[in-house]
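Residue-level structural notes
These are the residues of each chain, in order.
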Amino acid sequence: MGTHPGRRSILSRAADLVWPPRSLLSDRIVDRPGVVEADLWAQLAFLGQPCCATCGFPFETAVEDGSLCGACAGEPPPYASARAAVAYDDLSRKLVLDLKRGGRRDGLPVFAGWMARAGAHALAEADVIVPTPLHWTRLAARRFNQSAWLALAVGQAAGRPVLVDGLVRRKAGRSQGGLTGGQRRRNVQGAFAVPSGARKRLAARIVVLIDDVFTTGATAEACVRTLLRAKAAKVHVLTLARVVRPVDVSI
Ligand SMILES: [Zn+2]
């Protein structure tokens, strides 16, 4: 016998009130929901300056404001800037997977605070926030879009409106996991669209696109191009985590 979805959500909400809150990074019980113990918090790799002014890739040494990494200097990406709160590593992976696969929401206000700080320059000029969409089949299977949750939380933290359906995913595509950069790019080509009802709210507007993880940037770039084709003035990308690979210096 299947669990009735309505009944289940009522039960899990009741459980939130009865069970003590757990740390976002361990099983330890904490004094309030959505917190991380000081020792683990210190181990999270928060991203900040110095970094590439466009893609946010961290630099090891101090640079002049506005400096670009080699990749952005060679071929500027379609987005105005990309920033992430933390580097994607063993520790932050738990935050992402609990959110994405587990549907755990108690960390959202904390993540939104981190993201609002990392993307402060973008949010300061943003007219609207748009989440990276899931294809409806995946949304139906999972019943939530973690990027939409993050977008709503960031919108609340930054006092900016969120257009949850600003983008739709019309091609299911396969999961991006395990694909190379080129494969990822092909996989998301033509995958996104701006629904006609959202066009008016995006035209000539500065948009902040939200996602959980920035990996190769293929998904973000496909979404950004779609928003620009719909006449958005400028698009920034803001994610909770970002894969930071060593720079390939070979020519
Ligand atoms: Zn760059």
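Procedures and definitions
Just so you know, the residues in each chain are numbered from 1, in the order the chain's sequence is written. A pLDDT threshold of at least 70 governs which residues receive local features in this predicted model, and a stricter bar of 80 or more applies before side-chain atom pairs are shown or counted, although totals over entire chains, interfaces and linings include all residues. Each side-chain value is worked out from all heavy atoms of the structure, with water and hydrogens disregarded. The numbering of helices and of strands both runs from the N terminus, where a helix is a DSSP run of H or I of at least 4 residues and a strand a run of E of at least 2. Accessible area is worked out with a 1.4 Å probe on protein chains only. A residue is then buried under 20% of its type maximum, exposed over 50%, and partly exposed in between. Contacts are assigned to residue pairs with any non-hydrogen atoms lying within 4.5 Å of each other. The term nonpolar core refers to a set of buried residues drawn from Ala, Val, Leu, Ile, Met, Phe, Trp, Tyr and Cys, joined through side-chain atoms within 4.5 Å. In this analysis, the expected span of each helix is defined as 1.5 Å times one less than the number of residues it contains. Coordinating donors are taken to be N, O and S atoms lying within 2.8 Å of the metal, or within 3.2 Å when the metal is Na, K or Ca; because water is excluded from the atom set, some sites may appear incomplete. Every geometry call rests on angle ranges, with four donors termed tetrahedral when all angles are between 85 and 135 degrees, four termed square planar and six termed octahedral when opposite donors are over 155 degrees apart and all others are between 65 and 115, and everything else termed irregular. Whenever a carboxyl oxygen of Asp or Glu lies within 4 Å of a side-chain nitrogen of Lys or Arg, that contact is scored as a salt bridge. Paired strands, in this sense, are two strands between which DSSP finds at least two bridges. Note on geometry: axes are C-alpha line fits, over the in-contact stretch for helices, and angles between N-to-C directions span 0 to 180 degrees.

Inspection of the secondary structure puts Tyr79 in the loop between helix 3 (70–74) and strand 1 (81–87). Given a relative accessible area of 5%, Tyr79 falls into the buried group. It is 6.9 Å that separates the C-alpha atoms of Tyr79 and Val237, two residues lying 158 residues apart in sequence. In this view, Tyr79 contacts Thr54, Cys55, Phe214, Glu221, Val224, Val235 and Val237; residues no more than four positions away in its chain are not counted.

Ranked by internal contacts, the top residues of the largest apolar core, which has 35 residues, are Trp114, Met115, Leu150, Val154, Val208, Ile210 and Leu238. Mapped onto this core, the elements with two or more residues apiece are strand 1, helix 4 (90–100), helix 5 (108–118), helix 6 (120–125), helix 8 (146–158), strand 5 (206–214) and strand 6 (234–242). The dominant element in this core, judged by the number of residues it contributes, is helix 5, at seven residues. In this structure, Val208 is in contact with Ala122, Leu123, Ala126, Val128, Ile129, Val130, His236 and Leu238, ignoring residues within four places of it in sequence. Counting residues in each nonpolar core, the second largest holds 30 residues, with Cys72, Phe192, Leu227 and Ala230 among its members.

Here we come to helix 11 (residues 218–229). Across its 12 residues, helix 11 extends 17 Å between first and last C-alpha, which sits within 8% of the 16 Å expected from 1.5 Å per residue. Within helix 11, nine of the 12 residues are buried, which leaves the element mostly enclosed by the surrounding structure. Residues of helix 11 that are buried include every one of Ala218, Thr219, Ala220, Glu221, Ala222, Cys223, Val224, Thr226 and Leu227, and no others. At its buried positions, helix 11 is contacted by helix 9 (181–187), strand 4 (192–193), helix 10 (196–202), strand 5 and strand 6. Just downstream of helix 11, Lys231 is the residue with a positive phi angle, here 75 degrees.

The next point concerns the coordination of the zinc ion. For the zinc ion, the full set of protein donor atoms is Cys52 (SG), Cys55 (SG), Cys69 (SG) and Cys72 (SG), at a range of 2.3 Å. Considering all four donor atoms around the zinc ion, the spread of angles at the metal, 106 to 114 degrees, places the coordination shape in the tetrahedral class. Each donor residue of the zinc ion belongs to the same chain, and together they define the spacing C-x2-C-x13-C-x2-C. A residue pair is termed long-range when its members are at least 10 positions apart, and Cys55 in the loop between helix 2 (38–41) and helix 3 and Cys72 in helix 3 qualify at 17 residues.

Here we take up the pattern of salt bridges. Enumeration over the complete set of coordinates arrives at nine salt bridges. Arg93 serves as the salt-bridge partner of Asp90, at 2.3 Å between the closest nitrogen and oxygen. With Asp90 and Arg93 both in helix 4 and three residues apart, the pair spans about one turn of that helix. Judged by relative accessible area, Asp90 falls into the exposed class, the value being 63%. A salt bridge links Asp98 to Lys94, with the shortest nitrogen-to-oxygen separation between them at 2.8 Å. Placement of the pair is Asp98 and Lys94 together in helix 4, with a separation of four residues, close to one helical turn. Classification of Lys94 as partly exposed rests on a relative accessible area of 28%. A network of salt bridges, in which partner residues are shared, links Lys94, Asp98, Arg104 and Asp106.

Within the open sheet, the four strands sit side by side as 1-6-5-2. Their pairing is parallel. The outermost strands of the open sheet, each flanked by one partner alone, are strand 1 and strand 2 (128–131). When the angles between neighbouring strand axes are averaged without regard to direction, this sheet yields 25 degrees. Here strand 1 runs beside strand 6; their pairing, made up of six bridges, is parallel. Note that in strand 6 the partner of Ala87 across the bridge is Arg242. Its contacts with the sheet place helix 11 against strand 5 and strand 6, and it is angled at close to 165 degrees to strand 5.

Glancing now at unusual backbone geometry. Omega for the bond connecting Gln49 with Pro50 falls within 30 degrees of zero, at -5 degrees, which places this linkage in the cis form. The residue Pro50 is located in the loop between helix 2 and helix 3 in this model. In this structure, Ala204 takes a positive phi of about 65 degrees despite not being glycine. With respect to the secondary-structure elements, Ala204 resides in the loop between helix 10 and strand 5. The backbone of Lys231 sits at a positive phi, close to 75 degrees, despite the residue not being glycine. Note on placement: Lys231 falls in the loop between helix 11 and strand 6.

These results come straight from atomic positions and should not be treated as a statement about function.
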